[in-house]
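For reference, the chains in residue letters:
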Amino acid sequence: MKGYNLQEQISIIELSKPWQLKGFIAEKLVNAEGDNLAVLLSKIEDLGDVDFVESLERISNNHNKEQVGKTITYLKQIIEDSANPEKINQFLTSKDFDERIYAAKLLCATRKNEIKNSLTFLFRDLVPAVKIQAIRAAKGSRSKELITFLIDFLDKDQYAPYAHTALINTGETGLEMLELALQRTNTSAKFKERILRLI
């Protein structure tokens, strides 16, 4: 992607192949500094992906300690808050859409699968940014309820790339449900094509 700055590259990947975004960020993070590091850290916070904590701790040094430390602290706060069901519920039901986005990040990080099903509440949110974060948070879920929603999102252009990414690694449950969805009548050719790409 020569000719594009890092922010533009991230945007292109996120819209066209979001399943490659995490690997792209991890690769660029190794040698990033200055403005590029700031762009990557901002995107990591936006994603709320706590898997980046270890990578960030490895690249932290005297030159970027404050900048990287801020993102590590944010991600560790997500880990801490995700263990508190009351806090999750507080953000989940907030009128502030930024807090509902944060709730999706917490649901992604939580180890409690029964709480993760609360994502269905956010899937119905009227704010597209909340829905997108909730779809991201459902990645790799084995819950039939969540997978049903994700499959339905494949039929919506705005959410299809994110749903595609989330449906990767849903295992046998996901595969069976995708095969059933393929047999639906009155669905668009685009929807069926998106399912076939996943199968």
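Please refer to the structure higher up on the page.
Keep in mind it's a predicted model, so treat the numbers as computed, not measured.

What counts, and where the lines are drawn
Each chain has its residues counted from 1, following the order in which its sequence is written. At least 70 in pLDDT is required for a residue's local features to be given in this predicted model, at least 80 for side-chain atom pairs to be given and counted, and no such filter applies to totals for whole chains, interfaces and linings, which use all residues. Think of the side-chain values as coming from all heavy atoms in the structure, minus any hydrogens and water. Here a strand is any run of E in DSSP of at least two residues, a helix any run of H or I of at least four, and the numbering for each starts at the N terminus. We take the radius of gyration over the C-alpha atoms and set the globule estimate at 2.2 Å times the residue count to the 0.38 power. When a residue's accessible area, from a 1.4 Å probe over protein chains only, is under 20% of the maximum for its type it is buried; when over 50% it is exposed; and in between it is partly exposed. Pairs of residues are marked as contacts when any of their non-hydrogen atoms sit within 4.5 Å. Every axis corresponds to a line fitted to the C-alpha atoms, with the helix fit spanning only the stretch in contact, and the corresponding angles, defined between N-to-C directions, vary from 0 to 180 degrees. Oblique is the label for any angle not covered by the other classes, which are roughly parallel (under 35 degrees), roughly antiparallel (over 145) and roughly perpendicular (65 to 115). We call Asp, Glu, Lys and Arg charged. Ala, Val, Leu, Ile, Met, Phe, Trp, Tyr, Cys and Pro are nonpolar, and the rest, Gly among them, are polar.

Participant: How would you explain the overall build of the chain if you had to name every residue and give the values?
Facilitator: Scanning the chain from terminus to terminus reveals 14 helices and 0 strands. Listing the helices and strands of the chain from first to last along the sequence gives α-α-α-α-α-α-α-α-α-α-α-α-α-α. Relative to its length of 199 residues, the chain is compact, with a C-alpha radius of gyration of 17 Å against a globular reference of 16 Å. Its C-alpha atoms give the chain principal-axis dimensions of roughly 60 × 45 × 30 Å. A burial count over the chain gives 46% of its 199 residues as buried. Across the chain, contacts joining residues at least 24 apart in sequence account for 58% of those joining residues at least 6 apart.

Participant: A description of the packing of helix 3 (residues 34–47) against helix 5 (residues 65–82) should follow, citing residues and the corresponding values.
Facilitator: For the pair helix 3 and helix 5, the least separation of the axes is 10 Å and the interaxial angle reads 5°. Judged on the interaxial angle alone, helix 5 and helix 3 are roughly parallel. Contact with helix 3, carried on its side by Gly34, Leu37, Ala38, Leu41, Ile44 and Glu45, involves Gln67, Val68, Lys70, Thr71, Tyr74 and Leu75 of helix 5 and no other residues of that element. In the contact of helix 3 with helix 5, the residues fall into 7 nonpolar, 3 polar and 2 charged.

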